[in-house]
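# Reading the structure
The primary structure of each chain is shown beneath.
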Amino acid sequence: MKKIIIINGSPNKEGHTNKIVDSILEGINPNVEIKHINCYDMNINPCIDCKYCSKVLGECSIKDSMTDIYKHIQECDIIILASPMYFGMFPSPLKSLIDRCQVLWSKKFIFKQNTKERKQGIFIFNGGSSWNNMFNPMETIGKYFFNTLNCDISFKLYIDNTDINYNYINKHYDDILRCQNMINVEVH
Ligand SMILES: Cc1cc2nc3c(=O)[nH]c(=O)nc-3n(C[C@H](O)[C@H](O)[C@H](O)COP(=O)(O)O)c2cc1C
């Protein structure tokens, strides 16, 4: 069975990020295993650069929710990175999750334990206001993150102006359908 994980950076259960993610999941093949990782519900401490993961393969010195999250990330086929923008970047619990994936960076680049299998990745970012190229910083960090996870970017859905325009699901309906199709083809 194919596995999707949703790494969600929003603290708002009824917020924009969750509405967009739900609208995509509505059209997904039911034979897919979906794991939600809500960063704000987890115990994810920041990376302390202790260098443990560069000496001990695949392990972090900090024992918290990341122990399970490493497993889910490595076992999944598709990763959806879904997040609001906070001061141009990911909210801090999600940024902590990304930093803690230094364990997987060390595994790949120091221990050279790389798998040939590629994952598919989707960015779903949203922000309250709007300016040119506003999602570029999140996209850049998201790319570094996905590169470490052997994950190709298959789809990007960026929604701006959420603070003033609540009609974004209708406005982006075609993108939502395209994203569902991409997932359904991949998990078929
Ligand atoms: C601490 C904080 C910082 C924010 N920074 C930005 C920002 O830099 N740019 C922007 O467009 N919106 C910003 N916003 C607005 C959120 O990105 C926007 O309301 C988003 O849609 C919230 O998503 P959610 O409902 O899923 O949590 C910020 C909101 C908060 C709480």
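Residues numbered from 1 in each chain as written. Predicted model: local features only at pLDDT ≥ 70, side-chain atom pairs only at ≥ 80, totals over all residues. Heavy atoms only, no water.

The next subject is the sheet that holds strand β3 (residues 78–84). With parallel pairing, 5 strands are arranged side by side in an open sheet as β2-β1-β3-β4-β5. Two strands bound the open sheet, and with one partner strand each, they are β2 (33–38) and β5 (151–159). With strand direction ignored, the average angle separating the axes of adjacent strands in the sheet is 15°. One ladder, built from 6 bridges, connects strand β1 (residues 3–8) with β2; its direction is parallel. Paired with I5 across the bridge in β2 is K35. The sheet contacts of helix α2 (residues 66–75) involve β1, β2, β3 and β4 (119–126), and relative to β1 the element is tilted by about 130°. Across the sheet, helix α7 (residues 173–187) lies against β1, β3, β4 and β5, angled at about 160° from β5, the strand it touches most. (Pairing = 2+ DSSP bridges. Helix = DSSP H or I, 4+ residues; strand = E, 2+ residues; numbered from the N terminus. Axes fitted to C-alpha atoms, helices over the stretch in contact; angles between N-to-C directions. Contact = heavy atoms within 4.5 Å.)

Right, let's get into the packing of aromatic side chains. What characterises a pair of aromatic rings is the spacing of the ring centres plus the angle enclosed by the ring planes. Scanning the entire structure with this criterion turns up 7 aromatic pairs. When the centroid spacing of 5.2 Å and the interplanar angle of 5° are considered together, the rings of F125 and Y158 count as stacked. In this pair, F125 is assigned in strand β4 and Y158 in strand β5, connecting sequence segments 33 residues apart. For Y158, a relative accessible area of 23% puts it in the partly exposed group. Clustering of aromatic rings is evident, with ring pairs tying together F90, F123, F125, F135, F145, F146 and Y158. (Phe/Tyr/Trp six-rings, centres within 6.5 Å; stacked < 30°, edge-to-face > 60°. Buried < 20%, exposed > 50% of the residue type's maximum accessible area, 1.4 Å probe, protein only.)

What follows covers the site of the ligand. Taken together, 18 residues sit near the ligand, with S10, T17, M85, N126 and T162 positioned nearest. Between an oxygen atom of the ligand and a side-chain N or O atom of T17, the distance comes to 2.6 Å. Here the ligand, which alone exposes 650 Å², has 76% of that area covered by the protein. Grouping the amino acids of the shell around the ligand by side-chain chemistry returns 6 nonpolar, 11 polar and 1 charged. (Near = heavy atom within 4 Å. Polar contact = N/O pair within 3.5 Å; in protein donor to acceptor, adjacent residues only side chain to side chain. Areas by Shrake-Rupley, 256 points an atom, 1.4 Å probe, with all protein chains shown as cover. Nonpolar A, V, L, I, M, F, W, Y, C, P; charged D, E, K, R; others polar.)

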